[in-house]
Amino acid sequence: MKRRWPLQRLKRLLIGLVVLGALGFLAVLGYAFWPTHTRAIAAPASAADAALIERGRYLALAGDCTACHTAPGGKPFAGGLALASPIGAIYSTNITPDRRTGIGGYSLDQFDRALRHGIRADGASLYPAMPFPSYARLTDEDVRALYAYFLHGVVPVAQADRSPDIPWPLSMRWPLALWRKTFAPSPDAVAFDPKRYPDERVARGAYLVQGAGHCGSCHTPRALTLQERALDESGAQYLAGNQIIDGWNAINLRGNPADGLGRWSEQDIVETLRTGRNPHAAVVGSPMADVTVHSMQHLADADLHAIAAYLKTLPPVPGAGPGFAANDATAKALQAGINDSRGAELYVDNCAGCHRTDAKGYSRVFPAIAGNPTVLAREPDSLVRLILGGSSMPATVAAPSALGMPGFGWRLGDAEVAALASYLRSQWGNQAPPVASGLVARIRAEMPGENHASEEAAHAR
Amino acid sequence: MPDDPSFTSRRRFLQWSAVAVPALAAAGAPASGQAPSADDRPTFFSASEWAFLRAAAARLIPADALGPGALEAGVPEFIDRQMATPWAEGRLWYMQGPFVPDAPPTLGWQMRLTPRDVYRLGIAAADGWTQDRHGRVFAELDPAAQDGVLQAFESGKARFEQVPAAIFFAMLLGNVREGFFSDPVHGGNRGLAGWKLIGFPGARADFMDWVERDVAYPLPPVSLSGQRG
C-alpha cells in the first residue's frame, strides 16, 4: 500500500514553508540593508599639514595602494585596474582628489568608512578585493594621515570609474553587505594594541604586517566563505601560506623550518623585502615581486626590521609538514657523475649550471634549492610554474639587476617536470611530497603558449 | 601597477629568455628536437637525389665498430632541412659579379650558383658521370666502387658541366660533417652519435664540478632540446 499525504495537510505545510522562506529572506535583506553605524573620527587640526601628508604618503607605500589603484600605463591612483573574479572582473576606483570622478568630495568619515569598513560613500558595500579587513587595523591617526595625503598630496585625475563586468543579478551589492557584516572585523574590535607584544619594535612590525601591509590577504589561508582564517597571531593559521595568488603560492611566513621562515634570519627577511633576494633565496613570480617593488623597498630600515622581527615571533604551524635536514649525499653523488634517476639527469642537464650540484646556487645571484621554502611548500604550484615559464627577480633601487631564470616548458614534458620537481623536493635534505604530472598538465594549460613542449621535445623515456 | 616597464616582469622575462638561448634563436632552429626516422620523405630532394645523398653520406662517414655513421645519424635529413634556410638560397653571401673562379678561398664564394643549385646540378652530374662509367647510378654501386667515384669527384678528375666536381664534393663533405656534429635540433647527429664518438658533452653549460680534478668527464652529451645521448 502506498502512503499518501493528506491533501489538506500538504497544502498547509507548503504555505507555511513559503511564508517562512519569505520571512527568512526578508530577515536576510534586513540584515543586509540595515545601515552599519561607524564611529566618526575627529578631523585633524589641518588636513593640509605637510608632516601629516608626508606620513600619509609613507603609509600609502606601506599599504601598496598603488598595486591596485594604478592601472598599467595609467595615471597614479586613477584606478581602472581589472581584478579578475570567477564571476567577472572588478575594477579598482579612482582615489585621486578629483571632485567629480575621484574622492575629492569625500569627507574624512566617508574615506574612513571605505578604508576600514568597506562601505562606499553611497552606503553600498565594497568588494573585499579592496583589503579593508586588514586596513581595519589602522589607527585613527593613520587614517587621518592617508586622508590628508590622498586629498592634498596626490594629483587629481579626471577618470570615471568602471563598473564591474559582473552580470545582474550577481552584480547586486547587498550580498556583499552580508559578507562584510558577518566576516569583516569592526575596526574598534581589532583596534591595534601594542601592549600585546614583547617590545615596541615587534609591535610596530605587527601593526605594519596586519594593517597597512595586508600580508595576510595573500599569505593567510581562507575559509570556504573566503574570509582569512586569522587576522593576527591569535590564530595558528595566520600567514600559514599555501594560498595560490595568480598562480604563485604565497608561502608560509611562520617559523616552520622547511616550508616557512624558521631558518631565515631577521636580516634575510629584511634583504628580501628591500631587494627581492637574500644570500639563499629570491622572490619568484609577480605577486610578491610587485609587493617588493611598489611597497616594501620604500620602507625605512627600522620598519623592515620591525616586520622581520614580528614574523620571527610566529611559531611554526603545528603538525607534520615538509622537512629539511641538510645532507650532502645528493651533491656527492652528482659530483661523482652519478645520475641515478630521471630527476637527477634533468637537474644536471637543465639546472645545475646556475643552481650548482650542491643546490646552494651562487649567493644573491642564483638562489639555493636546498632548504628553500618555495621548493618545499606544501602546494608545489610555484615550483611547477617556475620550471615551465621561468621568472626574473624584481629590480629594486638597492638591487637593480633583474636576474632571470628561463622557462623550460618548451623542452620538458609533464612527466619530466613532475620528476624534476619531485627530485628537487626530495634531495639535499629536502623532504616534501612528490609532484604529480597531472598538476603539471593543469598548470601548463593555464599558461600562455610559449611554455608548451611539443610532443617530440618531451623526451619522455 | 605604475607605468614603468620594469614591472611587466613577465613579458620582459620572455624577451630575456629569447636572448638567453641564443644558439637556438640565432640558428632559427625549430623549438623541437624532432628526429624523424630514416625513411622520412625529404622536402627538397627528389627521390633519386635522396638516394644519392643517403648513399654518399654512408660512405663519407660510414657506420663501423666505433658507432653509427652519417646515414644512421640522420645527416641526409639535416642537409634536406638546410635546403630550406637562407644559406641554401645564397642569401647569406655576396652573390653578384665579378665571379673569379681562381680567386683565393679567402675571397669567398665565387660562383653564381647557390648551395641549392650546387646540390641539384651536382647530384645530377654525379649520377650522370657514374652512369657513364659504371652503367649504374651512384646509389646502386657497391661501397668500394662508390669510394672510387667519390675520390674522382674530390680530386676533380671527374668533370661536370655546370658545377666543378671538386666544389660539389667539398660542399657535400662539409655539410655531412656539420650534420654529424651539429646539435640534433637541426636534424642530424641523431642519438647524439657524433658527440658520443668524440666525447663532446654538448649543451650542458656547466662543468665547474670537473675543473682541476683530472678525471674523465663521465656524463653523456645533451642536446639543446634537452635530449640526452
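Residues numbered from 1 in each chain as written. Chains lettered and ligands numbered in written order. Predicted model: local features only at pLDDT ≥ 70, side-chain atom pairs only at ≥ 80, totals over all residues. Heavy atoms only, no water.

(A) Structural view of the packing of helix α14 (residues 342-350) of chain A against helix α18 (residues 414-424) of chain A. Residues and elements named next belong to chain A. Packing of α14 against α18 leaves a shortest axis separation of 8 Å and a crossing angle of 90°. The pairing of α14 with α18 is recorded here as roughly perpendicular in orientation. For the pair α14 and α18, contact is made by R342, G343, A344, L346 and Y347 and by E416, A419, L420, Y423 and L424, respectively. Partitioning the contact of α14 with α18 into residue classes produces 7 nonpolar, 1 polar and 2 charged. (Axes fitted to C-alpha atoms, helices over the stretch in contact; angles between N-to-C directions. Helix = DSSP H or I, 4+ residues; strand = E, 2+ residues; numbered from the N terminus. Parallel < 35°, antiparallel > 145°, perpendicular 65-115°, else oblique. Contact = heavy atoms within 4.5 Å. Nonpolar A, V, L, I, M, F, W, Y, C, P; charged D, E, K, R; others polar.)

(B) Quick look at the side chain of E49(B). All names here are of chain B. Looking at the secondary structure, you find E49 in helix α3 (residues 47-60). Here E49 falls in the buried class, since its relative accessible area comes to 9%. What E49 contacts, discounting residues up to four positions off in sequence, is F44, R120 and I123. (Buried < 20%, exposed > 50% of the residue type's maximum accessible area, 1.4 Å probe, protein only.)

(C) Looking closely at the nonpolar core. All names here are of chain A. Counting 62 residues, the largest nonpolar core has F111, F150, I307, Y310 and L311 as its most contacted members. Listing elements by their share of this core, those giving two or more residues are α2 (50-62), α4 (108-117), α5 (132-135), α6 (140-152), α8 (200-210), α10 (266-275) and α12 (301-312). When residues of this core are assigned to their parent elements, the largest contribution, 8 residues, is made by α6. When residues of this core are assigned to domains, at least three map to each of domain 1 (50-164 + 172-183) and domain 2 (194-311). Those residues in contact with I307, other than ones at most four positions away along the chain, are G205, L208, V209, L273, M296 and L299. (Core = buried A, V, L, I, M, F, W, Y, C linked by side-chain atoms within 4.5 Å. Domains from an automatic or database assignment.)

(D) The arrangement of the UniProt feature "transmembrane region" (unreviewed entry) in chain A in detail. In the numbering used here, UniProt assigns the "transmembrane region" (unreviewed entry) feature to residues 12-34 of chain A. Helix makes up 96% of residues 12-34 of chain A and strand makes up 0%, while its end C-alpha atoms are separated by 32 Å. (UniProt positions renumbered as here; feature names shortened; annotations may be inferred.)

(E) Inspection of unusual backbone geometry at higher detail. Backbone torsion omega between W168(A) and P169(A) reads 10°, so that peptide bond is classified as cis. Note that P169(A) resides in the loop between α6 and α7 (174-183). In this structure, P98(B) follows G97(B) across a cis peptide bond, with omega equal to 0°. A positive phi angle is found at H214(A), which is not glycine, with a value near 35°. With respect to the secondary-structure elements, H214(A) resides in the loop between α8 and α9 (216-219).

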